[in-house]
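Understanding the architecture of this molecule
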Amino acid sequence: YYLKEQDIYNQSGLESIDIIEITFTLISFDFLDEANRFLVFQKDNISSEAMYSWLRGGILEREGQVALAITFYKNCLNLDPENKPCQIDYDRLIRE
């Protein structure tokens, strides 16, 4: 219901923090197709390729595609070695 009412896919001008929050909310409720679609629609509003890779890695991890998630987390860290949230997710995932 929320997704239909808010039409989050076509909102323009979202800030990076909003994109992060919406993406991880969708992930936490297992709306993984919606999270993927949201990232596609919001790609131009995402502040960096590193952030996109981190968010995409989070979706893939939740989908159970661990090896691919690790690849996206590594890409994020290659692009932005100081990305703490990505580093935390990467470290946690490779320990499991």
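Attention now goes to the overall build of the protein chain. Across its full length, the protein chain carries 6 helices and 0 strands. Element order for the protein chain, N to C, with α for helix and β for strand: α-α-α-α-α-α. Long-range contacts, defined as pairs at least 24 residues apart, comprise 49% of the intrachain contacts of the protein chain with a sequence gap of at least 6. Carbon and sulfur atoms make up 52% of the accessible area of the protein chain, which totals about 5900 Å².

What follows deals with the side chain of threonine 23. Tracing the backbone shows threonine 23 in helix 2 (residues 16-28). The exposure class of threonine 23 is buried, given its relative accessible area of 0%. Discounting chain neighbours no more than four positions away, the residues touching threonine 23 are Ala35, Phe38, Leu39, Leu55 and Ile59.

To continue, consider the nonpolar core. Judged by nonpolar contacts, the single largest core of 25 residues is most densely connected at Ile19, Leu39, Trp54 and Tyr73. Of all the elements in the fold, those that place two or more residues in this core are helix 2, helix 3 (32-42), helix 4 (49-62), helix 5 (66-79) and helix 6 (84-95). Here the element with the most residues in this core is helix 4; it accounts for 7 residues. Not counting chain neighbours up to four residues away, the residues in contact with isoleucine 19 comprise Leu14, Phe38, Leu39, Gln42, Asn45, Ile46, Met51 and Leu55.

With that out of the way, let us pick up the confidence of the model for the protein chain. Of all residues in the protein chain, 88% attain a pLDDT of 70 or more, and the chain-wide mean is 89. Averaged pLDDT values over the elements of the protein chain bottom out at 56 in helix 1 (residues 2-6) and peak at 97 in helix 5.

Let us look at the side chain of aspartate 89. Take aspartate 89: it is sitting in helix 6. In contact with aspartate 89, not counting residues within four places along its chain, are Trp54 and Tyr73.

With that settled, the discussion passes to helix 5. In a regular helix each residue adds 1.5 Å, so 14 residues correspond to 20 Å; helix 5 covers 20 Å between its end C-alpha atoms and thus fits that length. Turning to helix 5, its buried residues number three or more, namely Ala69, Ile70, Tyr73, Cys76 and Leu77. For helix 5, the arc enclosing every buried residue in end-on projection is 120°, short of the 170-degree limit, so these residues lie on one face. What points out from helix 5, more than 90 degrees from its buried face, is the exposed set Ala67 and Asn78.

Basis of the calculations
Residues numbered from 1 in each chain as written. Predicted model: local features only at pLDDT ≥ 70, side-chain atom pairs only at ≥ 80, totals over all residues. Heavy atoms only, no water. Helix = DSSP H or I, 4+ residues; strand = E, 2+ residues; numbered from the N terminus. Contact = heavy atoms within 4.5 Å. Areas by Shrake-Rupley, 256 points an atom, 1.4 Å probe, with all protein chains shown as cover. Buried < 20%, exposed > 50% of the residue type's maximum accessible area, 1.4 Å probe, protein only. Core = buried A, V, L, I, M, F, W, Y, C linked by side-chain atoms within 4.5 Å. pLDDT = per-residue confidence, 0-100. Expected span 1.5 Å × (residues − 1). Arc of directions from axis to C-beta.

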